[in-house]
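Structure at a glance
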2 protein chains.
Amino acid sequence: MRVSQFPLFTLKETPADAEIISHQLMLRSGMIRRLASGLYTWLPLGLKVLRRVEQVVREEMNRAGAVELMMPAVQPAELWRESDRWEAYGPELLRLKDRHEREFCFGPTHEEVITDMARNELRSYRQLPVNFYQIQTKFRDEIRPRFGVMRAREFLMKDAYSFHIDQASLAEGYQAMFDAYNRIFERLGLSFRSVDADSGSIGGSVSREFHVLADSGEDEILSADQGDYAANTELATSPGPVIEPQAPAEASKQATPDTETVAAQAKHLNLPLDRIVKSVVVMADEEPAVLFISGDDELNLIKAARALDAEDVRLATGEEALKATGVPKGFIGPIGLPEGLAVRVDHRAATASNFSSGANEKDMHWINLNWDRDVALPATADLRLARAGEPAPEGQGTLRSSRGIEVGHIFQLGTKYSDSMNATVLDESGKDVPMHMGCYGIGVSRIVAAAIEQNHDEQGIIWPQPIAPFQVVIIGIGMDRDEAVREAAESLHDAFQGAGVEALLDDRDARPGVKFADAELIGIPHRLVIGKKSLANGKVEYRGRRDSENRELDYAGIVDTLVGKLGD
Amino acid sequence: MRVSQFPLFTLKETPADAEIISHQLMLRSGMIRRLASGLYTWLPLGLKVLRRVEQVVREEMNRAGAVELMMPAVQPAELWRESDRWEAYGPELLRLKDRHEREFCFGPTHEEVITDMARNELRSYRQLPVNFYQIQTKFRDEIRPRFGVMRAREFLMKDAYSFHIDQASLAEGYQAMFDAYNRIFERLGLSFRSVDADSGSIGGSVSREFHVLADSGEDEILSADQGDYAANTELATSPGPVIEPQAPAEASKQATPDTETVAAQAKHLNLPLDRIVKSVVVMADEEPAVLFISGDDELNLIKAARALDAEDVRLATGEEALKATGVPKGFIGPIGLPEGLAVRVDHRAATASNFSSGANEKDMHWINLNWDRDVALPATADLRLARAGEPAPEGQGTLRSSRGIEVGHIFQLGTKYSDSMNATVLDESGKDVPMHMGCYGIGVSRIVAAAIEQNHDEQGIIWPQPIAPFQVVIIGIGMDRDEAVREAAESLHDAFQGAGVEALLDDRDARPGVKFADAELIGIPHRLVIGKKSLANGKVEYRGRRDSENRELDYAGIVDTLVGKLGD
């Protein structure tokens, strides 16, 4: 391709409204342009990268036996009412009405549509397992879209949905997708990590996120330094620092005025934080519950939701806490709570001895409490936020922190949608059974931005080979005046095209410096410069995008040399 | 591909709500399923065909030098207000509001978005000409969607937009697209015709439609039998039958009670219809005008709009006609109309002599009127509806009628959008000039349905080779029991795949009759049947989809034989 036929829209200045590097570089390199908040046009250069990612995803989905189809972007509200998500999904769901005032949405995901298709078309266990996928423009009406295509409102997504006769088959299909995802991100040339994660509004119990690792990533990942354990902080687990056991001492109530906070309580009682068990009142689907965690730990609300089997858990207000327990915040404790109030204790807090806790009276705390001796141990659960530096689970050493950008998520949905939408098949014995479902998403457009966050320098983007818009850029110094240079450049370009390597010949009437800068900005992995003098010696100048020096290579055979590099 | 890995969703019964054959066959063959009115899921089989069409379109657009990009589906209302189409477009435009109550639409077309991009990115004549295209899901909120994907609400479209420094360059770019479109429809293996057409709500003056020819087509096409003239009836032109000249006779007013219709007038005055010039009152953009056409002709409203330079022309009501002329309908004529009222006379009516017309008095008509002698000839225009059997223009013989399905439309837009949206570039002299634009659409999903309307029989679809979902279907008789047959079928399948030919191996546990019927229904061009006996003789049974008989071919070398056929 020649620049004269493939217009570049590079910018010298960094647009002011772009906060993160991938957004800045995508604008500067002319990959995207903003149409409106969260809506971007993919210019020719950007689309080329997007298509490369898309193609790798498609090939690996096909290889894994998934079958491509294409569902409508616009979906009828009735289906979302069947699954109870029309109200539940929140304002991210772009709702709209057609000319007949019928309600629809611009789909952010397609569980309802595919389940409707499956219940109509799949009748027998003989048709299972099957995995349908599509690569499609989706819409999520973000309240504050930002970071360019990283968190856009319109985005390209690969979504796949598998149907199974039972949980065992679902587990197999899920594993096949897990493997396919690993192949996809490997083939894309990205450094990535899969982690345990929360299933969120999609539902189901087992799920795994795929993250492209980048310092600028929004998500914190904790991974074991001696094993393969890795999880999003929102779900990462650790036993935490050991709480030293104490020889049992006598429990007593202490007057503790003005000690609403754990810090004040610790100071007043002269206790380390891990000898305090704090009581956190939460509202779980608007029902109050009390959670006990160690004074030096933080509550993880997502774990709390799992422990309480709730859709949504939030901290209670002071008023709500008072209403639920009869006690002002800061003085709530395990002894003497109202009957019927849900309570849970974190695994680590359950190991505390001679601990202090609220006495369920204003300005009073217990000290030297011991579980079971002074109060029955409530049901235990993993409630604490795990932190880097803490022990990894299963003796896999220590948790290390890294940052990632979520680009894929796979879920075992079980029968959540097939139950609510009555998607059944006949099993071998002729009985109607709900299908087990999995769903598997990849943020195709987001991968492009994530790849840049991971691979860039001062000069611009550094594309991993497999998703580079062009493999090679050819620059002829003074090629508008020097016939020999022009001819060499043109024939090199054609030879690369002939060898199936996409080469960009910069045939603009511009200074070499401009061409060098643009080639670096748009991140083409290999650069060949043809100058009059070196050409006379049968040489061209080569520079890899990550190299700091030029190298002279023989003009003859350069195509083979480069093709060799591309195979690396 | 094996059917066990590529599920077919064929139906025995024709769904009751499918009115046309392509819709019926797309449902029966399992290409599509209806999600809601005008919204269809493309099942794997249908998507394969859609992608083939898409790929041919993409390759030819690239070959013609157009550059692919991707614009958002959701577009801000402000841009449509700039071009004055937000109100003008009508209820087909799916308008919606985001969570912040900002107005958007789901784009049915992208002139505004691309013009906005162009005015931001294109600054100089040096960047022109350039042609951007995309292949994208679009939405048109049809009042009554029907005929499956033929007139769906969500559909796949290729839309291209070219930008030029002047009209001459636009004409060149338009011609390049005209040529590309011809190549596209040729490569798709379809019988098609390009015709002159009206530009409708898109705008511009020059446009050409591409039609796939099919008896079931919604549009009538008139084409010359001795030349290349062809036009949509809405725009076709013909001088019409010759009106015999008469020796001038004396004009006089005649009492003609109860002769509001042309037929009554002709009968009362004993005149042939072509000696009557009728006066048709129309409302052109809500302003009245009087059009004179021959008594045996029909007014073409689209031509009337062109003649009056109006966006929209409709017949006036009796009241409106009375208000505009002061005369009741049926007695309006050219002599004595109010000053300032727009009038036009059709070319053919302008050749009438000794004609009768309304006298602009109730119950009175003139006879023996002659233009210029009795009343000045108004501005002439082509206003009559042309009909099959009439002379073609430019002496190209006679107009013949055929029916077509519109699948493409190319337009010279001129400066319609660049004027209203202020999209200018600097010309060679450094002056700001509006860019000239062309736009070029292809209904990618509609082509699939149109191809079926053109190519089917009692048994099902007959795909043109280039867009068939699979080239060859392989059926092994009793292959679940006979190892030799299975092996032959499997190795044939693999050999075809190796040769780059997409073969479908029907490995279902089903009777041969079911497999034959499905293969014909889904329209695979070539069928190979492997039976135990013929295989023992080194033979396979071959049948082309349009053949009425089987032929025995040698099993050895069958792949080469078929590849030879595919090259035809």
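Refer to the structure above for everything that follows.
Described below are features of the structure shown in this document.

Calculation rules
- Residues numbered from 1 in each chain as written.
- Chains lettered and ligands numbered in written order.
- Predicted model: local features only at pLDDT ≥ 70, side-chain atom pairs only at ≥ 80, totals over all residues.
- Heavy atoms only, no water.
- Helix = DSSP H or I, 4+ residues; strand = E, 2+ residues; numbered from the N terminus.
- Buried < 20%, exposed > 50% of the residue type's maximum accessible area, 1.4 Å probe, protein only.
- Contact = heavy atoms within 4.5 Å.
- Areas by Shrake-Rupley, 256 points an atom, 1.4 Å probe, with all protein chains shown as cover.
- Lys, Arg positive; Asp, Glu negative; His and termini not counted.
- Charge placed at Lys NZ, Arg CZ, Asp CG, Glu CD.
- Buried area = accessible area lost by both parts, 1.4 Å probe.
- Salt bridge = Lys/Arg side-chain N within 4 Å of Asp/Glu carboxyl O.
- Polar contact = N/O pair within 3.5 Å; in protein donor to acceptor, adjacent residues only side chain to side chain.
- Nonpolar A, V, L, I, M, F, W, Y, C, P; charged D, E, K, R; others polar.
- Axes fitted to C-alpha atoms, helices over the stretch in contact; angles between N-to-C directions.
- Parallel < 35°, antiparallel > 145°, perpendicular 65-115°, else oblique.
- Left-handed = near helix turned anticlockwise from the far one by under 90°.
- Pairing = 2+ DSSP bridges.

**A short note on the overall build of chain A**
Along the backbone of chain A there are 15 helices and 31 strands. With the C-alpha coordinates of chain A rotated into their principal frame, the extents come out at 95 × 65 × 45 Å. Buried positions account for 57% of the 568 residues belonging to chain A. Restricting the contact set of chain A to residue pairs at least 6 apart, pairs at least 24 apart contribute 69%. Put simply, chain A shows about 23,000 Å² of open surface, and 48% of that area lies on carbon and sulfur atoms. Positive and negative side-chain charges of chain A, numbering 64 and 89 respectively, have mean locations separated by a distance of 5 Å.

**Points about the interface of chain A and chain B**
Each partner contributes to the interface: chain A provides 55 residues, whereas chain B provides 55 residues. Around 4,400 Å² of area is buried between chain A and chain B when both sides are counted, 66% of it from carbon and sulfur atoms. At the boundary of chain A and chain B, one finds eight salt bridges. If you look at where chain A meets chain B, you find 18 residue pairs in polar contact (both at pLDDT 80 or more). Ranked by residue count, the leading element in the side of chain A that touches chain B is helix H2 (residues 44–63) of chain A, at five residues. A class-by-class count of the residues in the side of chain A that touches chain B yields 33 nonpolar, six polar and 16 charged.

**A short note on the packing of helix H2 (residues 44–63) of chain B against helix H11 (residues 444–454) of chain B**
When two helices pack together, their arrangement is given by the angle between the helix axes and by the axis-to-axis distance. All names here are of chain B. Axis separation between H2 and H11 bottoms out at 9 Å; the angle between their running directions is 115°. Here H11 runs roughly perpendicular to H2, going by the angle between their axes. Both H2 and H11 take part in a crossing whose hand is right-handed. Across from Val-49, Leu-50, Val-53 and Glu-54 in H2, the residues of H11 making contact are Val-444, Ser-445, Ile-447 and Val-448. Partitioned by chemical class, the residues of the contact of H2 with H11 number six nonpolar, one polar and one charged.

**Considerations on unusual backbone geometry**
A negative phi angle characterises most non-glycine residues, just as the trans form characterises most peptide bonds. Following Leu128(A), the chain continues to Pro129(A) via a peptide bond in cis, the omega torsion being -5°. Relative to the helices and strands, Pro129(A) resides in the loop between helix H5 (111–121) and strand E7 (130–139). Even without glycine at this site, Asp285(B) takes up a positive phi of about 50°. Mapped onto the fold, Asp285(B) is located in the loop between strand E14 (277–284) and strand E15 (287–294).

**Some details on the sheet that holds strand E19 (residues 364–369) of chain A**
Residues and elements named next belong to chain A. On the basis of which strands lie adjacent, the open sheet formed by three strands has the order E13-E19-E18 and antiparallel pairing. Bordering the open sheet on either side are strand E13 (252–255) and strand E18 (355–358), each of which pairs with just one other strand. On average, adjacent strands in this sheet sit at an angle of 30° to one another, irrespective of strand direction. Two elements, E18 and E19, share three bridges in a ladder whose sense is antiparallel. Residue Ser-357 lies in a different strand from E19, and its bridge partner there is Trp-366.

**Concerning the sheet that holds strand E27 (residues 472–476) of chain A**
Residue and element names in this part refer to chain A. Strands sit in the order E28-E27-E29-E30-E31 across an open sheet of five strands; the sheet is mixed. With partners counted over all chains shown, the strands left at the sheet margins are strand E28 (503–505) and strand E31 (551–554), one partner each. Within this sheet the neighbouring strands show an average axis-to-axis angle of 30°, counted without direction. Sheet topology places E27 next to strand E29 (residues 526–530); five bridges connect them, and they run parallel. The partner of Gly-476 across the bridge, within E29, is Ile-530. Along the sheet face, helix H13 (residues 512–521) touches E27 and E29 and points at about 175° away from the line of E27.

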